[in-house]
Amino acid sequence: MKKNAMHPRRSLRFGLGSGTVLALLLLAGCGALPDKPARATLYDFGPGIAAPAAVANPPAAASPMLALAEIESNARLDGTQILYRLGYADANELRPYGQSRWSLPPAQLLRQRLRDALSERRTVLGPEESATIARTQGRVPDMLRISLDEFSHYFESAGSSVGLVRLRATLIRSTTGGDRVLGQRTFTVRRPAPSADAPGGVKALAAATDAAVADVVQWVDQLPPQ
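Parameters at a glance
Residues numbered from 1 in each chain as written. Predicted model: local features only at pLDDT ≥ 70, side-chain atom pairs only at ≥ 80, totals over all residues. Heavy atoms only, no water. Salt bridge = Lys/Arg side-chain N within 4 Å of Asp/Glu carboxyl O. Helix = DSSP H or I, 4+ residues; strand = E, 2+ residues; numbered from the N terminus. Buried < 20%, exposed > 50% of the residue type's maximum accessible area, 1.4 Å probe, protein only. Expected span 1.5 Å × (residues − 1). Polar contact = N/O pair within 3.5 Å; in protein donor to acceptor, adjacent residues only side chain to side chain. Pairing = 2+ DSSP bridges.

A.B. asks: Run through the pattern of salt bridges, naming residues and quoting values.
C.D. replies: By the definition in use, this model includes eight salt bridges. Notably, a salt bridge pairs glutamate 150 with arginine 85, separated by 2.9 Å at the nearest N-O pair. Note that glutamate 150 is positioned in strand S7 (residues 142-157) and arginine 85 in strand S4 (residues 81-86), a separation of 65 residues in sequence. Per residue, the accessibility class of glutamate 150 equals that of arginine 85, and both read buried. Aspartate 210 serves as the salt-bridge partner of arginine 113, at 2.8 Å between the closest nitrogen and oxygen. With a gap of 97 residues between them, arginine 113 in helix H3 (residues 106-118) and aspartate 210 in helix H5 (residues 198-222) connect regions that are remote in the sequence.

A.B. asks: Break down H5 for me, citing the residues and quoting the values.
C.D. replies: Taking 1.5 Å per residue, 25 residues should reach 36 Å; H5 reaches 36 Å between its end C-alpha atoms and fits that length. The opening residue of H5 is aspartate 197, an N-cap whose side-chain oxygen sits 3.0 Å from the backbone nitrogen of glycine 200.

A.B. asks: I'd like a description of the pairing of strand S8 (residues 160-175), backed by residues and values.
C.D. replies: Bridge count between S7 and S8: 13 bridges; the pairing is antiparallel. Across the sheet, the residue bridging to leucine 148 is leucine 167, located in S8. What sits between the antiparallel neighbours S7 and S8 is a turn of two residues. Bridge count between S8 and strand S9 (residues 178-192): 14 bridges; the pairing is antiparallel. Along S9, the bridge assignment pairs threonine 170 with glutamine 184. Connecting S8 to the antiparallel partner S9 that follows it, the hairpin turn spans two residues.

A.B. asks: So what's going on with the pairing of S7? Residues and values would help.
C.D. replies: A regular strand carries its side chains on alternate faces of the sheet. Where strand S2 (residues 65-68) meets S7, three bridges bridge the pair, whose relative direction is parallel. Looking across to S7, one finds that leucine 66 is bridged to aspartate 142. Note: strand S3 (residues 72-73) against S7, two bridges, orientation parallel. When the bridges of S7 are listed, glutamate 72 appears paired with serine 147. Where S4 meets S7, three bridges bridge the pair, whose relative direction is parallel. Of the residues in S7, the one forming a bridge with tyrosine 84 is histidine 153.

Laid out in structure tokens, this is it:
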């Protein structure tokens, strides 16, 4: 027998040992795999408050019409991140909550809320519906434009925070001589947050949104009707 030849039993022991080491390495590797990423919690403004029976029915055909444009917002508010500011540290920096999201961009959630509120007193049309009325009936409904400028959970201090909503409303009337601005106003609303986290910020922003919507509806009611 050659001196360099490996004994069969020694070869078998070597093979088993290598397999055991390989299995241990595979098990260690599996244990080191990261867990599945946690799914973000989705939030909206809630179901809303049911309208009283007197205004819950659809408006009559003779009720005033109002066109509600798509709400404009800055690029940072186009996404679904829930944003906060540390006013006591750096009020210029917008920070996102990691595992919390809006179900829709804030501008869309605001538009839904505003349309529901306005519909209690008048027929509310979208831009395409307004264009159809203009073609078929020869009249252009007044247009309400909203710009959402601020929508954040604002920390005045480490222990005190509010939902901060700021928007600009413009009511435009189309005439034969061109568009005329009937009125324009900026609304800034703050509502206290019950906790210093994403759920607390959501509750505060929902309350601030409802208050801002009520203010806009009251303001529109005070402007001259078409």
